[in-house]
Amino acid sequence: MHPADPLLSVRGLRIAFGPLEAVRGLSFDVGDGEVLALVGESGAGKSLTARALLGMLPREATAAGSVRLRGEAAELVGARRPVYARLWGRRIALVPQDALSALSPVHPVGDQLAAAVRSVRGVSRSQARARAVAALEQVGIADAGRRARAYPHEFSGGMRQRAVIAMAMINEPELVVADEPTTALDPDTQRHVLELLARRREETGASLVLVTHDLAAVEEHADRMLVMYAGRAAESGPVDEVFARPRAPYTAGLLASLPPDAPLPAGGRSRRLPAIAGAPPTLAELPAGCAFAPRCPLAERAEQARAEGAERAERAERAEQAEGAELARRAEPAGDDRCRTELPEPQRLGDGRREVACHRWSELPDRPAELFLEHV
Ligand SMILES: Nc1ncnc2c1ncn2[C@@H]1O[C@H](COP(=O)(O)OP(=O)(O)OP(=O)(O)O)[C@@H](O)[C@H]1O
């Protein structure tokens, strides 16, 4: 890769379990110091994508496509363990969902951090130890010298997650992949841990791929977002632009279900929010065209228009108005069935920083949340 290339470049990534494809041709870049959020409902393929970047896919998964890290000669998709072992901690690191799975229960936390330092740098035991204590201090663990001697089970959930962030950052990797790093925590701790992750990222200048369901966190901490649906990108672009004007109906539906900042109406204890009806398809039942079509108000509107057009044409035909039938057929340009039959490919919009994979993105109204209100 050229020095001007992005730090990470993913092209046509596919991840399958036997005949079932969970990630179906995903391409994206991550620039230096950039925070890219991967969002989308459960099962969209976010975690698998994150794990593919780290060479940590489940054994039974097969991967195809390309993952390149700038400066690495090796193609990382399908790379053998020694290739990744060279990168782990030094160039790429994981902040997992579950801190306990990342920490050994039988060694004090400080020893684990020190071992991580020594695995990468030729420093003495006492230097590594000092570095471990400093790393715990950097993530806001008070009395770090004493706490370094404690075992993971002696830490609270929030402290463990901080320790895992310290571990991921200790050798200042260029790319950190955080897979739902706060889901196991209570909301207040979630906020603090995310802020900490963002601060450490900034201090080290690392790039971050953040897998999350939390759109408020995306708005606050990410530069760009990639919205995934059924293993593909529905939309991607700078966070402020996507939030201000989503282009894919799926993104619009996700954003519409975010609680608004405005206070509740007087006397109201809750408000009904627009929501996307239904659930994503399972891997075994992916629809032929756009996977979102069965839940998409634009696809539904087109379907209706098509049905009405066909009905009018039929009526005209019955009345032997051949000309009328032809006109009725032509009068419904929005009524074609591309959504149900053709997989939408990502298209670049404007200056190329945004992409959308939707046949009907140009039909999305200015206030798309209203499209989803009908489904509440
Ligand atoms: N080891 C596995 N064997 C079979 N299918 C799997 C395996 N791991 C993941 N999958 C399937 O791949 C799809 C994508 O999973 P993935 O965990 O990447 O989704 P996700 O978007 O991260 O969801 P969540 O937000 O719930 O973590 C899901 O349908 C999941 O059931």
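Residues numbered from 1 in each chain as written. Predicted model: local features only at pLDDT ≥ 70, side-chain atom pairs only at ≥ 80, totals over all residues.

- Going by the annotation in an unreviewed UniProt entry, the name recorded for the protein is Oligopeptide transport ATP-binding protein OppD, with Streptomyces jeddahensis given as the source organism.
- Per UniProt, the protein carries the Subcellular location (unreviewed entry) text "Cell membrane".
- For the protein, the Sequence similarities (unreviewed entry) comment in UniProt is given as "Belongs to the ABC transporter superfamily." (UniProt positions renumbered as here; feature names shortened; annotations may be inferred.)

**Remarks on the overall build of the protein**
Move 1: Within the protein, the secondary structure is distributed over 15 helices and 11 strands.
Move 2: When the backbone C-alpha atoms are referred to their principal axes, the protein occupies close to 95 × 60 × 35 Å.
Move 3: Looking at the 376 residues of the protein, the share that counts as buried comes to 41%.
Move 4: Pairs at least 24 residues apart make up 65% of the contacts formed inside the protein by residues separated by at least 6 positions. (Helix = DSSP H or I, 4+ residues; strand = E, 2+ residues; numbered from the N terminus. Buried ≥ 20, exposed ≤ 12 C-beta atoms within 10 Å, placed from the backbone. Contact = placed C-beta atoms within 7 Å.)

**Observations concerning the site of the ligand**
Move 1: Within the structure, the ligand sits among 13 residues, and Ala22, Ser42, Lys46, Ser47 and Leu48 are positioned closest to it.
Move 2: No other element matches the three residues that helix H1 (residues 46-53) contributes to the shell around the ligand.
Move 3: For the shell around the ligand, the per-class residue count stands at six nonpolar, five polar and two charged. (Near = placed C-beta within 6 Å. Nonpolar A, V, L, I, M, F, W, Y, C, P; charged D, E, K, R; others polar.)

**A word on the sheet that holds strand E8 (residues 224-229)**
Move 1: Pairing within the open sheet is mixed, and its eight strands lie in the order E5-E6-E7-E3-E8-E9-E11-E10. Every interior strand has two partners, whereas the edge strands, strand E5 (92-95) and strand E10 (347-349), have only one. Going from strand to strand, the sheet's axes swing by 20° on average, the running direction of each strand aside.
Move 2: Looking at chain direction, strand E3 (residues 35-39) and strand E7 (residues 207-211) are connected through four bridges and run parallel. Bridge pairing links Val35 to Leu208 in E7. (Pairing = 2+ DSSP bridges. Axes fitted to C-alpha atoms, helices over the stretch in contact; angles between N-to-C directions.)

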